[in-house]
Amino acid sequence: GGGGGAAMADGDGLVSVDYEVYGKVQGVFFRKYTQGEAKRLGLVGWVQNTSHGTVQGQIQGPTARVRELQEWLKKIGSPQSRISRAEFSNEKKIEALEHKEFQIVK
């Protein structure tokens, strides 16, 4: 535990957040583009297809960068994808990254 954190500007700390993206997101290289965007932003985590036609995963990294990928997942995605919505859950501050890289889970 421990309180405080006022001195740390929001955007500097590390966060972890789970995501699920709905729409036409399978068979359109969505995972490959998500991995590429995450690596460009210096984020770690994973992405996978689900059995019910969505893409899900987890993102970890600096808050501001994570926000950028969240926007990307909501609005852009891969060129052929059609995103209906993206949902984010289990957001929490973390002390250290729990993944080595951003990987595609088969």
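Residues numbered from 1 in each chain as written. Predicted model: local features only at pLDDT ≥ 70, side-chain atom pairs only at ≥ 80, totals over all residues. Heavy atoms only, no water.

The protein chain is annotated in an unreviewed UniProt entry as Acylphosphatase of Sinosuthora webbiana. The UniProt entry for the protein chain carries the following comment under Catalytic activity (unreviewed entry): "an acyl phosphate + H2O = a carboxylate + phosphate + H(+)". In its Sequence similarities (unreviewed entry) section, the UniProt record describing the protein chain reads: "Belongs to the acylphosphatase family." (UniProt positions renumbered as here; feature names shortened; annotations may be inferred.)

1. Details of the UniProt feature "active site" (unreviewed entry) in the protein chain
Look at the UniProt record and you will see "active site" (unreviewed entry) annotated at Arg-31 and Asn-49. Separation in sequence by 19 residues is not matched in space for these annotated residues, since their most distant C-alpha atoms are only 7.8 Å apart. Considering the arrangement of structural elements, one finds Arg-31 in helix α1 (residues 30-41). Its place among the elements puts Asn-49 in strand β2 (residues 44-49). What Asn-49 contacts, discounting residues up to four positions off in sequence, is Val-25, Gln-26, Arg-31, Thr-54 and Val-55. (Helix = DSSP H or I, 4+ residues; strand = E, 2+ residues; numbered from the N terminus. Contact = heavy atoms within 4.5 Å.)

2. As for the sheet that holds strand β4 (residues 82-94)
Within the open sheet, the 5 strands sit side by side as β4-β1-β3-β2-β5. Their pairing is mixed. Of all the strands in the sheet, the pair left with one neighbour each is β4 and β5 (102-104). Adjacent strand axes in the sheet meet at a mean angle of 15°, parallel and antiparallel pairs treated alike. Sheet analysis places strand β1 (residues 14-24) next to β4, joined by 10 bridges and oriented antiparallel. The residue of β4 that forms the bridge with Glu-20 is Glu-87. Across the sheet, α1 lies against β1, β2, β3 (55-62), β4 and β5, angled at about 170° from β5, the strand it touches most. (Pairing = 2+ DSSP bridges. Axes fitted to C-alpha atoms, helices over the stretch in contact; angles between N-to-C directions.)

3. Things to note about helix α2 (residues 63-75)
For α2, which comprises 13 residues, the first-to-last C-alpha distance of 18 Å matches the rise-based estimate of 18 Å (1.5 Å per residue) to within 8%. Listed in full, the buried residues belonging to α2 are Thr-63, Val-66, Leu-69, Gln-70, Trp-72 and Leu-73. Those residues of α2 that are buried are in contact with β1, α1, β3 and β4. (Expected span 1.5 Å × (residues − 1). Buried < 20%, exposed > 50% of the residue type's maximum accessible area, 1.4 Å probe, protein only.)

4. Things to note about the nonpolar core
Of all hydrophobic cores here, the largest spans 19 residues; its most connected members are Tyr-19, Val-21, Phe-30, Leu-43, Ile-59, Leu-69 and Leu-73. For this core, the secondary structure elements donating two or more residues are β1, α1, β3 and α2. Contacts of Phe-30, omitting those with residues within four sequence positions, involve Val-21, Val-25, Val-55, Leu-73, Gly-77, Ser-78, Ser-81 and Ile-83. (Core = buried A, V, L, I, M, F, W, Y, C linked by side-chain atoms within 4.5 Å.)

5. Brief notes about the pattern of salt bridges
In total, this model carries 6 salt bridges according to the counting rule given. A salt bridge links Lys-74 to Glu-71, with the shortest nitrogen-to-oxygen separation between them at 3.2 Å. Remark: Glu-71 and Lys-74 occur in helix α2; sequence separation between them is 3 residues, near one turn of the helix. Take Lys-74: its relative accessible area is 38%, and that puts it in the partly exposed class. The exposure class assigned to Glu-71 is partly exposed, which follows from its relative accessible area of 33%. Note that Lys-75 and Glu-71 form a salt bridge whose closest N and O atoms lie 2.5 Å from each other. Taken together, the residues Lys-75 and Glu-71, both in helix α2 and 4 residues apart, mark about one turn of the helix. Taken together, the salt bridges that share partners define one network made up of Glu-71, Lys-74 and Lys-75. (Salt bridge = Lys/Arg side-chain N within 4 Å of Asp/Glu carboxyl O.)

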